[in-house]
Amino acid sequence: MSPPTGAPPTAARPPAGRGWRAQWRQRLCSLEELSAFLGRPFEGDWAVEPARTGWRMAVTRYYASLIRRLAPTDPIARQCVPSREELTEQRLPPDPFDELGHRVAPGLVRRYRDRAAFWATGECAVRCRHCTRRNELGDPPPRNPTAAVRWLRQHPEVRELLITGGDPLTLEDAELDRLLAAFRSVPSLEVLRLGTRMPVVLPMRITRALCRMLRRHAPLWVHTHFNHPAELTAAALAACGRLVDAGIPLGNQTVLLRGVNDTVETLGALFRGLVRARVRPYYLLHCDPVRGAGHFRVPLRRALHLVETLRGRLSGLAMPTFVVDMRGGRSKTPLAPGAVIRWTTRGAWLRGPGGVRWFCPDPRPSRRRDSAGPRTAR
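Here is a short report on the structure shown in this document.

**Describing the pattern of salt bridges**
Then step 1. With the rule as written, the count across this model stands at 14 salt bridges.
Then step 2. A salt bridge links glutamate 172 to arginine 21, with the nearest nitrogen and oxygen atoms 2.7 Å apart. Within this pair, whereas glutamate 172 is found in the loop between strand E4 (160-164) and helix H7 (173-184), its partner arginine 21 is found in helix H1 (residues 20-25), the two being separated by 151 residues in sequence.
Then step 3. Judged by its relative accessible area of 36%, glutamate 172 falls in the partly exposed class.
Then step 4. Its relative accessible area of 42% is what places arginine 21 among the partly exposed residues.

Next up, the structure:
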């Protein structure tokens, strides 16, 4: 069931609407709209109505145009189409990292001593089916940062702020400019970071005017979220280029997703393509154990085998750090063979920062036999 790993395709058909706002207004929010736009039916009965999953569907026409088959083997369709698999693994927690429990001001979450995150919006151009916050974004976060700014001024030990959501680039330039300026007024904040998937799913949002505005708030880093080489289209690469040419450094956080990018060939092609685009592969994240996304999780033993194989094939510049987020919101654990204390039939005991020991459960064995042991390509 591995997706193809050949050269990145161009759009299958010209997306409607030239500007990003038109793309936003014309998002596809149902299975019927997506099928009609692509002019082809769904293959099999794997897709399910969004209302049954508790997580609405939204796909830009640009991103939908990258779908080659309306089947679970298509890496783009699998990321944005509601699946029957989302109805399983309901025992997983809705908020595995207790982000809501770490909220210190409206919209502001602090899980680490020197870093915090501000949820600028609950909206995204594409609602990814593997989203960590799919169970947390029901109520729109406050866009007014006054309380968050006040708290940050009282806690100068916080040196970095991630502006996230949702996707902060769904905001208009003027509103985002005011938001960044408010946080720039906090003397102790050394670096702002902005997490967005817009270069991947709506690259026309990355206008030159936006880049000029972001540059005024340097030092500012932008973290993108490419998961598959099929997403490295000419439009996406041009969007990344506009940001880099404006002096804005780019990092990428890829989530390891079963059935999307869980082969050495796919990940290798993605990371090499990102480096060519001047985007630093920053993290390869083990998919979070969040309710509704358990079917995307790769067994940890196999994930480590993929990472170790990649280390022998990629340069250090192209190799991201493989991390697992600890439950309870305590830390991210970079994983290498020495991080595993003991394997069990249900998962692994890991050693985290400061010697903290914690248990990382594996997903249930699937019919695809991917929990049986390490493998590379299929």
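**Section: unusual backbone geometry**
Then step 1. Following glycine 165, the chain continues to glycine 166 via a peptide bond in cis, the omega torsion being 20°.
Then step 2. Residue position: glycine 166 is located in the loop between E4 and H7.
Then step 3. The residue after alanine 218, namely proline 219, is reached through a cis peptide bond having omega 0°.
Then step 4. Looking at where proline 219 falls in the secondary structure, it is placed in the loop between helix H9 (208-215) and strand E6 (220-224).
Then step 5. Of note in this structure, arginine 278 is not a glycine but carries a positive phi near 65°.
Then step 6. Inspection of the secondary structure assignment puts arginine 278 in the loop between helix H11 (264-276) and strand E8 (280-286).

**Looking at H11**
Then step 1. Compared with the 18 Å implied by 1.5 Å per residue over 13 residues, the 18 Å span of H11 between its first and last C-alpha is a close match.
Then step 2. Residues of H11 that are buried in the fold lie against strand E7 (250-256), E8 and helix H12 (300-311).
Then step 3. After H11 finishes, the residue arginine 278 shows a positive phi value of roughly 65°.

Cut-offs applied
- Residues numbered from 1 in each chain as written.
- Predicted model: local features only at pLDDT ≥ 70, side-chain atom pairs only at ≥ 80, totals over all residues.
- Heavy atoms only, no water.
- Salt bridge = Lys/Arg side-chain N within 4 Å of Asp/Glu carboxyl O.
- Helix = DSSP H or I, 4+ residues; strand = E, 2+ residues; numbered from the N terminus.
- Buried < 20%, exposed > 50% of the residue type's maximum accessible area, 1.4 Å probe, protein only.
- Expected span 1.5 Å × (residues − 1).
- Contact = heavy atoms within 4.5 Å.

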